[in-house]
Amino acid sequence: MDGPAVDTTVTLMPAGPGDPAVHTGTVRSWTAGAAGLVVTSHVSADPDAVRALDGQRVWVATDAGGEGGVVPHAVFQAVAQAHRADELALTGVMLLASETRRGAVRAPASVPVHVEADGTATDTRTVDLSRSGLRLEGADLPVDAEVDVSVHLDEGLDVHARGHVLRVDDETGEAVVRFVELDRDAAEALERTVLTELARRPRD
């Protein structure tokens with residue numbers, strides 16, 4: 001399994017209940033066994049992050065940088081164990097998704113969305129979702145429209161963002177919206193939803 005290069009920045013997020021925080025680390029090694037079936041990685045991180053993640057199943061998202069924060073291009077799942085006070089050993093690493101054409105990994109997801117554009121309000125659902133934008137079922141939105149969206153996530157959490165309609169499919173009416181204003185807490189909530197959906201998908 002190909003993994004991130006040494007010195008790549010990654011974000012680490014617990015996959016289960018508990019600490020919801022997103023932590024940052026740096027890849028120090030990535031070793032695959034025969035046929036890439038066994039992967040072990042070592043990631044340096046702040047001691048507080050090491051203590052918080054020790055013994056937990058985590059999501060690991062590569063970071064391509066970019067304005068406004070983390071831009072994941074690949075997402076892995078692994079078990080984190082403290083290797084040193086400032087380093088985690090990741091074992092059982094499994095690739096969940098990768099994305100080379102977009103700024104963020106996306107997941108198919110149908111969640112309710114409230115959209116407002118030019119004084120008109122519409123309730124619809126997502127087709128897919130990422131921390132950088134979403135695709136909406138037919139919402140009768142014009143290309144280049146500026147929109148306000150409220151995404152209704154699990155557990156009654158609403159995420160609010162300002163977006164720009166990039167394109168609309170003439171046949172299906174599906175609209176692709178890129179977020180232009182999204183605070184960090186909202187971005188992390190969206191990323192958790194995306195990673196949860198990816199982890200639920202069957203894999204070959």
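A quick note: this is a predicted structure, and the numbers were derived from the prediction, not measured.

Trainee: Please explain the confidence of the model for the protein chain as it appears in this structure.
Mentor: Low pLDDT means the predicted atomic positions in that stretch should not be read closely. In this model, the protein chain carries a mean pLDDT of 84, and residues with pLDDT of at least 70 account for 85%. At the low end of the mean pLDDT range in the protein chain sits helix α2 (residues 184-200), at 82; at the high end sits strand β11 (residues 146-152), at 95.

Trainee: Mind showing me how you'd approach the nonpolar core here?
Mentor: In this structure, Leu141, Val147 and Leu198 are the most contacted members of the largest nonpolar core, which totals 36 residues. Those elements giving two or more residues to this core turn out to be β4 (57-63), β6 (87-98), β8 (112-117), β10 (133-136), β11, β12 (158-168), β13 (175-181) and α2. Counting 19 residues, the second largest nonpolar core, distinct from the first, contains Ala45, Ala49, Val60 and Leu88.

Trainee: Where do I start with the pattern of salt bridges in this structure?
Mentor: Two side chains bearing opposite charge may form a pair once their charged atoms approach each other closely. Applying the stated criterion across every chain, the model contains ten salt bridges. A salt bridge links Asp7 to Arg28, with the shortest nitrogen-to-oxygen separation between them at 2.5 Å. Here Asp7 is found in the segment before β1 (9-14), whereas its partner Arg28 is found in strand β2 (residues 23-32), with 21 residues between them in sequence. Relative accessible area serves as the criterion here: at 51%, Asp7 is assigned to the exposed category. Take Arg28: its relative accessible area is 41%, and that puts it in the partly exposed class. As a salt-bridge pair, Glu188 and Arg184 come within 3.0 Å of each other at their nearest N and O atoms.

Trainee: Please explain the environment of Arg135 as it appears in this structure.
Mentor: Relative to the elements of secondary structure, Arg135 occurs in strand β10. A sequence separation of 40 residues divides Arg135 from Ala175, and the C-alpha atoms of the two residues are 5.6 Å apart. With sequence-adjacent residues up to four places away left out, Arg135 is seen in contact with Arg106, Arg125, Thr126, Val127, Asp128, Arg167, Glu174, Ala175 and Val176.

What counts, and at which threshold
Residues numbered from 1 in each chain as written. Predicted model: local features only at pLDDT ≥ 70, side-chain atom pairs only at ≥ 80, totals over all residues. Heavy atoms only, no water. pLDDT = per-residue confidence, 0-100. Helix = DSSP H or I, 4+ residues; strand = E, 2+ residues; numbered from the N terminus. Core = buried A, V, L, I, M, F, W, Y, C linked by side-chain atoms within 4.5 Å. Buried < 20%, exposed > 50% of the residue type's maximum accessible area, 1.4 Å probe, protein only. Salt bridge = Lys/Arg side-chain N within 4 Å of Asp/Glu carboxyl O. Contact = heavy atoms within 4.5 Å.

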